[in-house]
Amino acid sequence: MLTDAEAGAAVSLRGLHKTFGPVHAADGVDLLIAPGEVVALLGPNGAGKTTTMEMLLGLTTPDQGEVRLFGRTPAKATAEGLVGAMLQSGGFLNEMTGREIVQVMAAQYPKPLRVQDALDRAGIAEHARLRYGGMSGGQKQRVRFAAALVCDPDLLVLDEPTVAMDVQGRHDFWDAMRAYTAGGKTVLFATHYLAEAQDFADRVVLMRTGKVIADGSVAEVTSRVDGRTISAAIPGADAVQLGALPGVDLVEQRDELVTLHCMDSDAALRALLTEFPQAKDISVTAMSLEDAFVALTSEKV
């Protein structure tokens, strides 16, 4: 039986398990998303993000556990037009135009948006007469977005929505998403662009090996990781030497540009200046979401 919180949630995932042979794609996933929340689902490849989204949408059946969207089964919520999805898997016929694709999708729902409105919101109206097979990667993503929007969903599920877009395309996409969520809509999106999660999400859910390992605001997630980051230009530096400095947990190096992820930045900085007096352009910053992602999803965790 659903609790009051689960019954009122836009998304309720309870005890989801899914295995593919020896791989635990979902290993006891619990997640509640309230109506109006914008949630980023993050994790390295193989963390279970896509499988979790597919179970949420009813495309994959969990081995154990329960999914409810607005108190309904995924099939019922989708049939009522409450859910729109933009996934990496699947596709459309190359011979169809963008407008035809969105028209076909609109016909599946009881109260869709006007096709032109969906095309306008997705920023693809100008190219809607092009055949899908002749579109660029970014244009195809916009058609997928329009197809997800046309049912006028209360919940939008997006899997790597900006993966094929250039910088301007990603900027325009998130502008459109901000307009969409201004009306209190709910969004769950997975992305490898951590800056998108940091800038757009109200909440971050971090997965590793099929489990949720962190859940909260960006500030709450980054606070789980102690330490700071030291950046510097160090001519002649060696990553092994840098990694041996006291307080250093992880080293990233590109030519002479070095980033040290530190558990004790004070000790690391003192040792760095002693061992590498040629270091310059030094800066010390608090942990970012990217730093927390690296630390929390590391195989050493």
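Below, the structure is looked at part by part. Every value quoted in this text rests on a predicted model; they were computed, and no experiment measured them.

1. Concerning the sheet that holds strand S2 (residues 23-33)
And then number 1: If you walk across this open sheet you meet the 3 strands as S2-S1-S4, and the pairing is antiparallel. Both outer strands of the open sheet, S2 and strand S4 (64-69), are each paired with one neighbouring strand and no more. With direction set aside, neighbouring strand axes in the sheet form an average angle of 20°.
And then number 2: The sheet contact formed by strand S1 (residues 11-20) and S2 spans 8 bridges and is antiparallel. When the sheet's bridge partners are listed, Leu-13 is paired in S2 with Leu-31.

2. A word on the packing of aromatic side chains
And then number 1: Evaluation of the coordinates by the stated rule reveals 6 aromatic pairs.
And then number 2: On the numbers, 5.6 Å between centres and 90° between planes, the contact of Phe-92 with Tyr-132 is edge-to-face. Of this pair, Phe-92 sits in the loop between strand S5 (83-86) and helix H4 (98-106) while Tyr-132 sits in the loop between helix H5 (115-122) and helix H6 (137-149), and the two are 40 residues apart along the sequence.
And then number 3: Among the aromatic side chains, those forming a connected cluster through ring pairs are Phe-145, Phe-173, Trp-174, Phe-189 and Phe-200.
And then number 4: A cation over a ring is seen here: Lys-140 above Tyr-132, with NZ or CZ 5.3 Å from the ring centre.
And then number 5: Of note, Arg-170 hangs over the ring of Tyr-193, and the distance from its end group to the ring centre comes to 4.3 Å.

3. Overview of H6
And then number 1: Taking 1.5 Å of rise per residue, the 13 residues of H6 would be expected to cover 18 Å, and the 19 Å separating its terminal C-alpha atoms lies within 8% of that figure.
And then number 2: Taken as a whole, H6 has its buried residues at Gly-138, Gln-139, Gln-141, Arg-142, Val-143, Arg-144, Phe-145, Ala-146, Ala-147, Ala-148 and Leu-149.
And then number 3: Those residues of H6 hidden inside the fold are in contact with S5, H4, H5, strand S6 (155-159) and helix H7 (167-181).

4. Let's talk about the pattern of salt bridges
And then number 1: As enumerated under the stated definition, the model contains 14 salt bridges in all.
And then number 2: Linking Glu-80 and Arg-72 is a salt bridge whose minimum nitrogen-to-oxygen distance equals 2.8 Å.
And then number 3: The class for Arg-72 is partly exposed, based on a relative accessible area of 28%.
And then number 4: A cluster of three or more residues bridged by salt bridges with shared partners is formed by Arg-14, Glu-66 and Arg-68.

Cut-offs and rules
- Residues numbered from 1 in each chain as written.
- Predicted model: local features only at pLDDT ≥ 70, side-chain atom pairs only at ≥ 80, totals over all residues.
- Heavy atoms only, no water.
- Pairing = 2+ DSSP bridges.
- Helix = DSSP H or I, 4+ residues; strand = E, 2+ residues; numbered from the N terminus.
- Axes fitted to C-alpha atoms, helices over the stretch in contact; angles between N-to-C directions.
- Phe/Tyr/Trp six-rings, centres within 6.5 Å; stacked < 30°, edge-to-face > 60°.
- Lys NZ or Arg CZ within 6 Å of the ring centre and 35° of its normal.
- Expected span 1.5 Å × (residues − 1).
- Buried < 20%, exposed > 50% of the residue type's maximum accessible area, 1.4 Å probe, protein only.
- Contact = heavy atoms within 4.5 Å.
- Salt bridge = Lys/Arg side-chain N within 4 Å of Asp/Glu carboxyl O.

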